[in-house]
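# Structural characterization, general
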There are 2 protein chains.
Amino acid sequence: MTDKKVLSKFQNALKKENLKLTKQRLSILDNIVSNTGHRECDEIYDQLKADGKNVSRATVYRTVSILEKYGIVRKLELGDGRARYEYKYGQGHHDHMICVETGEIIEFMSDEIEEIQDKIAKENGFEIIKHIHQLFVKPIKK
Amino acid sequence: MTDKKVLSKFQNALKKENLKLTKQRLSILDNIVSNTGHRECDEIYDQLKADGKNVSRATVYRTVSILEKYGIVRKLELGDGRARYEYKYGQGHHDHMICVETGEIIEFMSDEIEEIQDKIAKENGFEIIKHIHQLFVKPIKK
DNA sequence: GTGCGTGCAAACGGTTTGCATGCCC
DNA sequence: GGGCATGCAAACCGTTTGCACGCAC
């Protein structure tokens, strides 16, 4: 998805919610689109500040939550009480492996797993809205 | 695993950590062993209170965290900021499907998925310590 | 008897919110 | 010009922690 498409997706989202396109919201979207990491709100906030954009922490939280609601951003919960966000169109769908020793985050993807979990949900009379699949791992000692 | 075995596992854990077996810790273990749900600390706390056991919220938090460390209990993070705990030997390993409409929690298990994720970790030079696999679902409309 | 455990309440930390002012539409 | 958005700081809420007293070993 091009940056232009994302912007219009964001504009549609705002319209749907009766919200306005402010320069703060734009700065936040820009920052997220041009970043591939898995970042906390505070990191996004700090980078915006470093870039000379004046946006408050509160606005980052508020905006990121809109972006999540409209599927532009994905929220990760790694079990340490701090939410991470990643840009959803930076690449295809994937899940995460987290190294408990280094904190490194490795992305993975398995069509097989996706199919099986769809099947399991269906067998139970459900359809999947979203899923979390995280492997907490450590390096294999040689 | 029988209740007796769990108790001795707990006693070993306490010994390893140089901790004492107090009546509060016992009450909490009892309550968890005889319960199959996915409960928050506060629910455990309330039930203990209802059962006439005097245990403080702080002690519930402290004990549950020991139980988790020693694999007697499993911690679930459902993304709402409140941790749930389930007794690990109530049944075999499983993951969770959460209905976003009712909050109902359905357990599921797939050997296939377990194998694939082990393989993926291994291919990346890691071994899995634990994993989280949650499907957020909604009922299929007929 | 000693030192960890407990209960209480206060602290913590990420996130949310109320309010007065500012700015998009 | 009207009303939502912003920024600030305070509130929030689940969880953790410091401290003084109590109990297991």
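Report on the accompanying structure. Here the structure is a predicted model, which is why all the values come from computation and not from measurement. (Residues numbered from 1 in each chain as written. Chains lettered and ligands numbered in written order. Predicted model: local features only at pLDDT ≥ 70, side-chain atom pairs only at ≥ 80, totals over all residues. Heavy atoms only, no water.)

Chain B puts 33 residues into the contact, and the matching count from chain A is 33 residues. Between chain B and chain A, roughly 3100 Å² of surface is buried when both sides are summed, and carbon and sulfur atoms account for 72% of that area. Together, Phe126, Ile132 and Phe136 of chain B form the three largest contributors to the area buried by chain B at its contact with chain A, with a combined 20%. At the boundary of chain B with chain A, the tally comes to 12 residue pairs in polar contact (both at pLDDT 80 or more). Counting only elements with at least two residues in the side of chain B that touches chain A, the list comes to β4 (95-99), β5 (105-108), α5 (111-123) and β6 (126-139) of chain B. Of the residues forming the side of chain B that touches chain A, the biggest block, 14 residues, is contributed by β6 of chain B. Grouping the amino acids of the side of chain B that touches chain A by side-chain chemistry returns 18 nonpolar, 8 polar and 7 charged. (Contact = heavy atoms within 4.5 Å. Buried area = accessible area lost by both parts, 1.4 Å probe. Polar contact = N/O pair within 3.5 Å; in protein donor to acceptor, adjacent residues only side chain to side chain. Helix = DSSP H or I, 4+ residues; strand = E, 2+ residues; numbered from the N terminus. Nonpolar A, V, L, I, M, F, W, Y, C, P; charged D, E, K, R; others polar.)

A few words on the packing of aromatic side chains. If you walk through the whole model with that rule in mind, you get 2 aromatic pairs over all chains. For the pair Tyr87 of chain B and Tyr89 of chain B, a centre-to-centre distance of 6.1 Å together with 75 degrees between the ring planes defines the contact as edge-to-face. Residue class for Tyr87 of chain B comes out buried when judged on its relative accessible area of 9%. For Tyr89 of chain B, a relative accessible area of 26% puts it in the partly exposed group. Between Lys130 of chain B and the ring centre of Phe136 of chain A, over which it is positioned, the NZ or CZ distance is 4.7 Å. (Phe/Tyr/Trp six-rings, centres within 6.5 Å; stacked < 30°, edge-to-face > 60°. Buried < 20%, exposed > 50% of the residue type's maximum accessible area, 1.4 Å probe, protein only. Lys NZ or Arg CZ within 6 Å of the ring centre and 35° of its normal.)

In the region of DNA strand C, 20 residues are neighbours, and Tyr61 of chain A together with Leu19, Thr22, Arg25 and Thr59 of chain B sit closest. Counting only the atoms of DNA strand C within 4 Å of the protein, the fraction contributed by sugar and phosphate is 72%. Here a phosphate oxygen of DNA strand C and a backbone polar atom of Ala83 of chain A are 2.9 Å apart. Between DNA strand C and the protein, one listed contact pairs a base nitrogen with a side-chain N or O atom of Arg62 of chain B at 2.8 Å. At the level of secondary structure, the elements contributing two or more residues to the surface near DNA strand C comprise α4 (57-69) of chain A together with α2 (23-33) and α4 (57-69) of chain B. For the surface near DNA strand C, the per-class residue count stands at 7 nonpolar, 7 polar and 6 charged. (Near = heavy atom within 4 Å.)

What follows covers the protein's contact with DNA strand D. Near DNA strand D there are 20 residues, and of these Thr22, Arg25, Thr59 and Arg62 of chain A together with Tyr61 of chain B occur at the shortest range. Within the side chain of Lys20 of chain A, a nitrogen or oxygen atom sits 3.3 Å from a base nitrogen of DNA strand D. Here a phosphate oxygen of DNA strand D sits 2.5 Å away from a polar atom, N or O, in the side chain of Tyr61 of chain B. When contributions to the surface near DNA strand D are tallied by element, the ones reaching two or more residues are α2 (23-33) and α4 of chain A together with α4 of chain B. For the surface near DNA strand D, the per-class residue count stands at 7 nonpolar, 7 polar and 6 charged.

Residue and element names in this part refer to chain B. Within the element layout of this structure, Arg74 appears in strand β2 (residues 73-77). According to the relative accessible area criterion, Arg74 is buried, its value standing at 17%. One polar contact links the side chain of Arg74 to the main-chain carbonyl oxygen of His94, over a distance of 2.3 Å. When residues no more than four places from it in sequence are discounted, the contact partners of Arg74 are Arg84, Tyr85, Glu86, Lys88, His93, His94, Asp95, His96 and His131.

A few words on the packing of α2 of chain B against α4 of chain B. All names here are of chain B. Running from N to C, α2 and α4 point in directions that differ by 65 degrees, and their axes come no closer than 10 Å. The handedness of the crossing between α2 and α4 is right-handed. Seen from α2, the contacting residues are Gln24, Arg25, Ile28, Leu29 and Ile32; seen from α4, they are Thr59, Val60, Thr63, Val64, Ile66 and Leu67. In terms of residue class, the contact of α2 with α4 is made up of 7 nonpolar, 3 polar and 1 charged. (Axes fitted to C-alpha atoms, helices over the stretch in contact; angles between N-to-C directions. Left-handed = near helix turned anticlockwise from the far one by under 90°.)

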